[in-house]
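One-letter residues, chain by chain:
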Amino acid sequence: MKMSKLFVQTLREFPSDAEVVSHKMLGRAGFIKKLAPGVYTYMPLMWRVLKKVENIVREEMDKAGAQELLMPFVQPKELWEESGRWEVYGRELMRLKDRHDRDMCLGPTHEEIITSVARDNLKSYKQLPVNLYQIQSKFRDEIRPRYGLLRGREFIMKDAYSFDIDEAGLDKEYENMALAYKKIFERCGLATKMVQSDSGAIGGSVSHEFMVITDTDAGENDVFYCNECDYSANSNHAVSKLPDAVVDGKDYFSKKEILDTPSTHSIEELSAFLKIPSTLILKSLVYIVDKKPVIALIRADKAIEETKLMNAAGGIEIRIASAAEIAELMQEKGFNAEPGFIGPNGMENIKIIADETVYNMKNFVVGINETDKHLVGANLDDVLPKDVIKADIRLVEQGELCPVCGRPLSVTKGIEVGNIFKLGTKYSKPMNAVYTDINGKTHPYVMGCYGIGISRTAAAAVEAHHDEHGIKWPLAIAPYHAVIVPVNIQDEAQMSVANALYEVLKNAGVEVVLDDRDERAGVKFKDADLIGFPFRITVGKTISEGLVECKIRESGELIKLTPEEAKQNIIDAVLSLQ
RNA sequence: CGGGAUGUAGCGCAGCUUGGUAGCGCACCUCGCUUGGGACGAGGGGGUCGCACGUUCAAAUCGUGUCAUCCCGACCA
């Protein structure tokens, strides 16, 4: 490809609406063009990158024994009603009506469709196991799309679904997919961590996420991991060893009594007022889970992990209660307490969930639903109702101890580029998707699902590989392998070497761009760095010595060699990709 | 949906306080000059100033409303 013909426009400045590195770089280097919030045109360079990621995914999925198909992204409401998700999925589902006023949606994921395909075609145990996948655009009406391709409303995803006769089969396929994923991300030039995670709206029991670890702002997930063993988990799922109960060994409240604690609305104020560590306070928080109030109890120095709490409460939507909702709850229960003085007493018919940390507290301080008062010297029997739910709802903090080996946990930011779920019979059961076993009896398939964000993976690669000058594409997913820059296109000696190199590389199967523009060298160098060609061959003044320069984008290394050597180096690098 | 900000040419911005012929840089077109890290000069094309209503002789500028976009929280590949 001649640079003068390449359909790309690089910009002198970063787009003003871009926040994270990949969005800034991809916008400025002319890879993407925004059409609407979270909706982007993939310009030719971007599309080449995406096709490369797709092909790596495709090759590894095929190698792992999966079969590619393509399902519609326009889907009828009926299937979503069968699974129960027409209601549950909420406003994230892009809904539309056809001309007959029939409800449809644009597919955010395809469990419903694949399950219906399977139940019509997979009748016998002899046909199982099978793993089907597709690569296509997905639609999710995100509350707040942002970060460019990292969180779009329309994005490209590979989704795979496995069908097995039993759990053992699923376990095996799950391992198989985990290995394939590892290979895929390695081939894309990305270091990933496989971490335990919550299974979220898609459902199921066990799930892992593949995280690109990054120090940029784009990492939306906190990943806790152990340096000593291989434990790692998303913060929404991470656990740690239960912290010790007592802090400094002193016995603060041996006697149970109600004390005046005026204006102590926060834990800080209360612990300062009573001159006690916050580990001696039982914190009561009101959440709204599926529109109903839930009270969460936890030792006051710890924070609530909302996803864990939501799961413990058996809900699908959670948020902290507003001041007005708390006031309403208090009024309903006949109390007069402001936030800061809430407690579990007298909360009949309200779900109360107590974190594990609560259970090794003694002689502690707790709110009693009376403003400006707290009960001190309280114990579990005094405050916990009979039907309290004990659960781990604690947000793990850095330095807490690994649940497996007991060493301190570290935390880092991660971009989720893929995940794998054990679905079990979550979809096959309600949708009556069954096979017949050897005895003629029917059973629901045991399913798994496996996603990779193709466009997100490409953006994550930019997050992981860039410098202040631009992108440093890993060779395997770079839009082109190399660019040839003749410094001065008026110079016949330079041009003839550049042209010859261009032809020979092209014929050898190297994807190469010849920068034949009549621009000053600086402009071409800036563009080469910004676009991120892994190799740049400069044909300039050293041509009088019979040498060209080869610059390696990733390392910045610059070597002078003959055109023949430069050619061979690049061909070798490209050939070593497989 | 709550909180904050912004809408002026493809991109980045000024002008608005104090109403009076819509500007700058980049990009684009022409010519000259230049050619190893985003040169320079001259000329040129492109905008109903987000939209609506109002105030006024006159609105990018003032007022009201509305729409959109971006940022901070809950969602997720």
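Procedures and definitions
Residues numbered from 1 in each chain as written. Chains lettered and ligands numbered in written order. Predicted model: local features only at pLDDT ≥ 70, side-chain atom pairs only at ≥ 80, totals over all residues. Heavy atoms only, no water. Near = heavy atom within 4 Å. Polar contact = N/O pair within 3.5 Å; in protein donor to acceptor, adjacent residues only side chain to side chain. Helix = DSSP H or I, 4+ residues; strand = E, 2+ residues; numbered from the N terminus. Nonpolar A, V, L, I, M, F, W, Y, C, P; charged D, E, K, R; others polar. Domains from an automatic or database assignment. Contact = heavy atoms within 4.5 Å. Salt bridge = Lys/Arg side-chain N within 4 Å of Asp/Glu carboxyl O. Pairing = 2+ DSSP bridges. Axes fitted to C-alpha atoms, helices over the stretch in contact; angles between N-to-C directions. Core = buried A, V, L, I, M, F, W, Y, C linked by side-chain atoms within 4.5 Å. Buried < 20%, exposed > 50% of the residue type's maximum accessible area, 1.4 Å probe, protein only. Phe/Tyr/Trp six-rings, centres within 6.5 Å; stacked < 30°, edge-to-face > 60°.

A. A look at the protein's contact with RNA strand B. Taken together, 56 residues lie near RNA strand B, and Arg-12, Glu-92, Glu-142, Asp-529 and Glu-549 sit nearest. Atoms of RNA strand B within 4 Å of the protein: sugar and phosphate make up 51%, bases the balance. A distance of 3.4 Å separates a sugar or linking oxygen of RNA strand B from a polar atom in the side chain of Asn-488. A distance of 3.5 Å separates a base oxygen of RNA strand B from a polar atom in the backbone of Gly-540. Put simply, the parts of the chain that give the surface near RNA strand B at least two residues each are β8 (154-164), β21 (409-424), α13 (521-531), β29 (535-539) and β30 (548-552). Top contributing element to the surface near RNA strand B by residue count: α13, with 8 residues. In terms of residue class, the surface near RNA strand B is built from 18 nonpolar, 13 polar and 25 charged.

B. A look at the domain arrangement of chain A. Assigned domains within chain A: domain 1 (43-239 + 411-463), domain 2 (257-391) and domain 3 (480-575). Relative to domain 2, the C-alpha centre of domain 1 lies at a distance of 37 Å. Tallying the contact residues gives 7 residues for domain 1 and 5 residues for domain 2. At the surface where domain 1 touches domain 2, the tally comes to 0 salt bridges. Applying the counting criterion to the domain 1 and domain 2 interface returns 1 residue pair in polar contact (both at pLDDT 80 or more). A class-by-class count of the residues in the side of domain 1 that touches domain 2 yields 3 nonpolar, 3 polar and 1 charged.

C. Focus on the sheet that holds strand β27 (residues 482-486). Pairing within the open sheet is mixed, and its 5 strands lie in the order β28-β27-β29-β30-β31. The strands lining the two open edges of the sheet, one partner per strand, are β28 (512-514) and β31 (558-561). Strand-to-strand, the axes of this sheet are offset by a mean angle of 20°, without reference to chain direction. By the bridge criterion, 4 bridges tie β29 to β30 in an arrangement that is antiparallel. Considered in β30, the bridge of Arg-536 is made with Lys-551. Running at roughly 130° to β31, helix α14 (residues 563-575) makes contact with β27, β29, β30 and β31 of the sheet.

D. Region of the structure containing the nonpolar core. Of all hydrophobic cores here, the largest spans 64 residues; its most connected members are Leu-26, Phe-31, Met-46, Tyr-181 and Trp-473. Setting aside its immediate chain neighbours within four residues, Tyr-181 contacts Met-61, Lys-158, Phe-210, Gly-418, Asn-419, Ile-420, Tyr-450, Gly-451 and Ile-452. Counting residues in hydrophobic clusters, the runner-up holds 27 residues, among them Val-286, Ile-288, Leu-297 and Val-366.

E. The packing of aromatic side chains, seen in detail. This structure, assessed with the given rule, holds 8 aromatic pairs. Between Phe-163 and Tyr-445, the aromatic rings sit 5.3 Å apart at their centres with planes inclined by 80°, giving edge-to-face as the arrangement. Highlighted residues: Phe-163 in strand β8 and Tyr-445 in the loop between β23 (442-444) and β24 (446-453), separated in sequence by 282 residues. An identical accessibility class is assigned to Phe-163 and Tyr-445; each is buried. Between Phe-185 and Phe-210, the ring centres sit 5.9 Å apart and the planes meet at 35°, which makes this aromatic pair tilted. One end of the pair, Phe-185, is in helix α6 (residues 167-187); the other, Phe-210, is in strand β10 (residues 207-213), with 25 residues separating them in the sequence. For Phe-185, a relative accessible area of 0% corresponds to the buried category. Look at Phe-210 and you get buried, because its relative accessible area is 2%.

F. Local environment of the pattern of salt bridges. Going through the model one piece at a time under the given rule, you end up with 40 salt bridges. The partner of Asp-103 in a salt bridge is Lys-97, and the shortest N-O contact between them spans 2.9 Å. For Asp-103, a relative accessible area of 22% gives the class partly exposed. With relative accessibility at 49%, the residue Lys-97 sits in the partly exposed group. Look at the salt bridges and you will find they share partners, linking Lys-302, Lys-308, Asp-392, Arg-394, Glu-397 and Glu-400 into a network.

G. Inspection of the sheet that holds strand β6 (residues 103-106) at higher detail. Strand order in the open sheet made by the 3 strands is β4-β6-β5, with antiparallel pairing throughout. Each end of this open sheet is capped by a strand with a single partner; those strands are β4 (74-76) and β5 (94-97). Across this sheet, the average inter-strand angle for adjacent strands is 35°, counted without regard to direction. Of the strand pairs in this sheet, β4 and β6 are connected by 3 bridges, and their pairing is antiparallel. Counted as the bridge partner of Pro-76 is Met-104 from β6.

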